[in-house]
Amino acid sequence: MTKSFADQVRETEARHVLQTYKRAPIVLVRGQGARVWDTEGKDYLDFTSGVGVASLGHANPGLARVIAEQASTLIHTSNLFFHPYQAELAEKLARLSGLDRAFFCNSGTEAMEACLKFARRYWYTKGDRQRTAFVALTGAFHGRTFGSLSVTADPHYREPFGPLVPGVTFVDPADPSALDAAVTGHTAAIVVEPIQGEGGVRPLSPAFVAAIRAAADRTGTLVIADEVQSGLGRTGHAFYSTVLGLKPDLMSIGKALGGGIPIGAALLRESISQAVAPGDHGSTYGGNLLACRAGLYFVDQLLEGGLLAHVTEVGAHFQRRLQAIATSHPMVSEVRGAGVIRGLEIDRPASAIVDAARPLGLLVNATASTVVRLLPPLTITAAEIDEAMDRLDQAFGVVERGVQ
Ligand SMILES: Cc1ncc(COP(=O)(O)O)c(C=O)c1O
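Residues numbered from 1 in each chain as written. Predicted model: local features only at pLDDT ≥ 70, side-chain atom pairs only at ≥ 80, totals over all residues. Heavy atoms only, no water.

### Some words on the side chain of Glu 384
Okay, step 1: Structurally, the position occupied by Glu 384 is in helix H15 (residues 382-401).
Okay, step 2: It turns out Glu 384 is buried and unbridged, and the closest side chain with the opposite charge, Arg 35, is 4.7 Å from it.
Okay, step 3: Among the polar contacts made by the side chain of Glu 384, one reaches the main-chain amide nitrogen of Thr 381 at a distance of 3.0 Å. (Helix = DSSP H or I, 4+ residues; strand = E, 2+ residues; numbered from the N terminus. Buried < 20%, exposed > 50% of the residue type's maximum accessible area, 1.4 Å probe, protein only. Lys, Arg positive; Asp, Glu negative; His and termini not counted. Salt bridge = Lys/Arg side-chain N within 4 Å of Asp/Glu carboxyl O. Polar contact = N/O pair within 3.5 Å; in protein donor to acceptor, adjacent residues only side chain to side chain.)

Rendered as structure tokens:
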């Protein structure tokens, strides 16, 4: 019997692609809005959106047009020269965030790496050379490069790669008083996700936010908000730090910004920007024309296309439907999140639900072992949420009956 195309892909990957990912068995070839199709022609409602990246849905015609136009004009020049779009995107990001300047890179982990470096650079320039430590949170995920990994909590990600950047202390976000004890005159920055994404969709509590503010006031330490997952409209707000009343000095962003074209950015307050000199940091690709055009298209949708109001509206509907699922399935102990970043805490490995939902035509993913995470595109409609929630309800039924 001849092998299917999907079998060929899986077998060639098994031989030649470094096995760092445990993929679901399907091979995806096409998308449209909130839906994707596999090699067998089966369609799925995509409530992962490429881990929060396909912010405008798949094959968005406006984004595709802009990318195609730029690809046939000029994709990349490096940062040896000016081009028209970094300035325009940086200005719009400043308007959205209240932070004055942007450094462009290609991913979330690079954005965090840049924030950590700029925080240290700030204190170095001020002559406070002892001030190099970071305080991060248990449950945190900030990426996989050495700096970002050093402020990422999970020992499974960290241990095989030590020694990491020294001077990082982890504090439990359920214990605000521990933050007060951990932040000293040697702390360069406190690093937090306003909503921990990989950590299980956990928003920071008001008490913890108050503790951050108090520690920053007491010691002058900088605050870095990692909005790679929670930012850029996913919660119905440009940034979730604003909702929490957190005023970060630096911010990392990525994921949603390019709608699928890799782009990240570190956003900085002017006082920190002044400490950074030419040559201190850089990226060959960072902020190239193609990525900036994608970013501009996305930000325009957010600022002028009514996307924030849309997320707030469908987000409320989403919450109601998830709450109903929690009520009818006792294995769900909590529904967390905001807008279109949601997590269901369940009493068993969340992979059971993920695997039951897929054959029913719904893609979701498991995080923090027992959390079913839902990250649909920001453009998701109420009708698509209804369809997806019916499938999710069925998936819970399948797992309850143990008939997988
Ligand atoms: C909050 C947060 N920071 C950083 C990252 C790393 O981003 P990337 O995978 O684009 O490097 C992620 C990725 O999931 C994230 O959720």
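### A word on the nonpolar core
Okay, step 1: Core analysis: the biggest nonpolar cluster contains 68 residues, and Phe 47, Leu 93, Leu 232, Phe 298, Leu 344, Met 389 and Leu 392 have the highest contact counts within it.
Okay, step 2: Counting residues domain by domain, this core receives three or more from each of domain 1 (5-60 + 306-401) and domain 2 (74-304).
Okay, step 3: Setting aside anything within four residues of it in sequence, one finds Leu 344 in contact with Leu 322, Val 332, Glu 334, Val 335, Thr 370, Val 371, Val 372, Leu 374, Leu 392 and Phe 396.
Okay, step 4: If you look at the next biggest cluster of nonpolar residues, it comprises 25 residues, including Ala 114, Tyr 122, Phe 134 and Ala 189. (Core = buried A, V, L, I, M, F, W, Y, C linked by side-chain atoms within 4.5 Å. Domains from an automatic or database assignment. Contact = heavy atoms within 4.5 Å.)

### Details of the sheet that holds strand E14 (residues 341-346)
Okay, step 1: Taken together, the four strands give an open sheet; going across it, the order is E13-E14-E17-E16, and neighbouring strands pair in antiparallel fashion. Two strands close off the open sheet at either side, each with one partner strand: strand E13 (332-338) and strand E16 (365-367). This sheet shows a mean twist of 30° between the axes of neighbouring strands, independent of strand direction.
Okay, step 2: By the bridge criterion, three bridges tie E16 to strand E17 (residues 371-374) in an arrangement that is antiparallel. Its bridge partner being in E17, Thr 367 is matched across the sheet by Val 371.
Okay, step 3: Of the strands in this sheet, E13, E14 and E17 are in contact with H15, which crosses E14 at around 15°. (Pairing = 2+ DSSP bridges. Axes fitted to C-alpha atoms, helices over the stretch in contact; angles between N-to-C directions.)

### Brief notes about the domain arrangement of the protein chain
Okay, step 1: What the domain assignment reports for the protein chain is domain 1 (5-60 + 306-401) and domain 2 (74-304).
Okay, step 2: Between domain 1 and domain 2, the C-alpha centre-to-centre distance is 26 Å.
Okay, step 3: Both faces combined, the contact of domain 1 with domain 2 buries some 2,200 Å², and carbon together with sulfur accounts for 59% of it.
Okay, step 4: Of all residues in domain 1, Leu 308, Arg 336 and Ile 341 bury the most surface against domain 2, accounting for 25% of the area lost on that side.
Okay, step 5: Our count for the domain 1 to domain 2 interface comes out at two salt bridges.
Okay, step 6: Across the pair Glu 198 and Arg 373 runs a salt bridge, and its minimum N-O distance is 2.6 Å.
Okay, step 7: Scanning the region where domain 1 abuts domain 2 turns up 13 residue pairs in polar contact (both at pLDDT 80 or more). (Buried area = accessible area lost by both parts, 1.4 Å probe.)

### Things to note about the pattern of salt bridges
Okay, step 1: Counted by the stated rule, this structure contains 21 salt bridges.
Okay, step 2: A salt bridge links Lys 92 to Asp 300, with the shortest nitrogen-to-oxygen separation between them at 2.9 Å. Within this pair, whereas Lys 92 is found in helix H4 (residues 84-97), its partner Asp 300 is found in helix H12 (residues 289-304), the two being separated by 208 residues in sequence.
Okay, step 3: Classification of Lys 92 as buried rests on a relative accessible area of 12%.
Okay, step 4: Here Glu 387 makes a salt bridge to Arg 391, at a shortest N to O gap of 2.9 Å. Separated by four residues within a single helix, Glu 387 and Arg 391 lie in helix H15, roughly one turn from each other.

### Things to note about the site of the ligand
Okay, step 1: If you check the shell around the ligand, you find Ser 107, Gly 108, Thr 109, Phe 141, His 142, Gly 143, Glu 193, Glu 198, Asp 226, Val 228, Gln 229 and Lys 255 and nothing else.
Okay, step 2: Side-chain polar atom of Gln 229 to an oxygen atom of the ligand: 2.7 Å apart, as the coordinates give it.
Okay, step 3: One of the side-chain nitrogen or oxygen atoms of Lys 255 is found 3.0 Å away from an oxygen atom of the ligand.
Okay, step 4: Out of a free accessible area of 390 Å², the ligand has 82% covered by protein chains.
Okay, step 5: Its residues placed into classes, the shell around the ligand shows two nonpolar, six polar and four charged. (Near = heavy atom within 4 Å. Areas by Shrake-Rupley, 256 points an atom, 1.4 Å probe, with all protein chains shown as cover. Nonpolar A, V, L, I, M, F, W, Y, C, P; charged D, E, K, R; others polar.)

### A short note on the packing of aromatic side chains
Okay, step 1: Summed over the entire model, instances satisfying the criterion amount to four aromatic pairs.
Okay, step 2: Judged by centre distance (5.8 Å) and plane angle (80°), the ring pair of Phe 47 and Phe 318 falls under edge-to-face. Pair noted here: Phe 47 is in the loop between strand E3 (43-46) and helix H2 (49-52) and Phe 318 is in helix H13 (residues 307-328), with a separation of 271 residues, a long-range link. Both residues of the pair, Phe 47 and Phe 318, belong to the buried class.
Okay, step 3: Positioned above the aromatic ring of Trp 37 is the side chain of Arg 30, whose terminal nitrogen or guanidinium carbon lies 4.1 Å from the ring centre.
Okay, step 4: The side chain of Arg 129 reaches across the aromatic face of Tyr 124, ending 3.7 Å from its centre. (Phe/Tyr/Trp six-rings, centres within 6.5 Å; stacked < 30°, edge-to-face > 60°. Lys NZ or Arg CZ within 6 Å of the ring centre and 35° of its normal.)

### Details of unusual backbone geometry
Okay, step 1: Here the residue pair Gly 162 and Pro 163 is connected by a cis peptide bond, since its omega of 0° sits within 30 degrees of zero.
Okay, step 2: Within the element layout of this structure, Pro 163 appears in the loop between helix H7 (155-158) and strand E6 (168-171).
Okay, step 3: For Leu 232, which is not glycine, the phi torsion reads 60° and is therefore positive.
Okay, step 4: On the basis of relative accessibility, which here comes to 1%, the residue Leu 232 falls in the buried class.

### Notes on H13
Okay, step 1: Over its 22 residues, H13 extends 31 Å from the first C-alpha to the last, a length consistent with the 32 Å expected when each residue adds 1.5 Å.
Okay, step 2: Packed against the buried residues of H13 are H12, E13, E14, E17 and H15. (Expected span 1.5 Å × (residues − 1).)

### A short note on the pairing of strand E5 (residues 133-137)
Okay, step 1: The element E5 is largely enclosed, with a buried count of five among its five residues.
Okay, step 2: Strand direction decides the pairing type here: E5 and E6, joined by four bridges, are parallel. Bridge pairing in E6 links Ala 136 to Phe 170.

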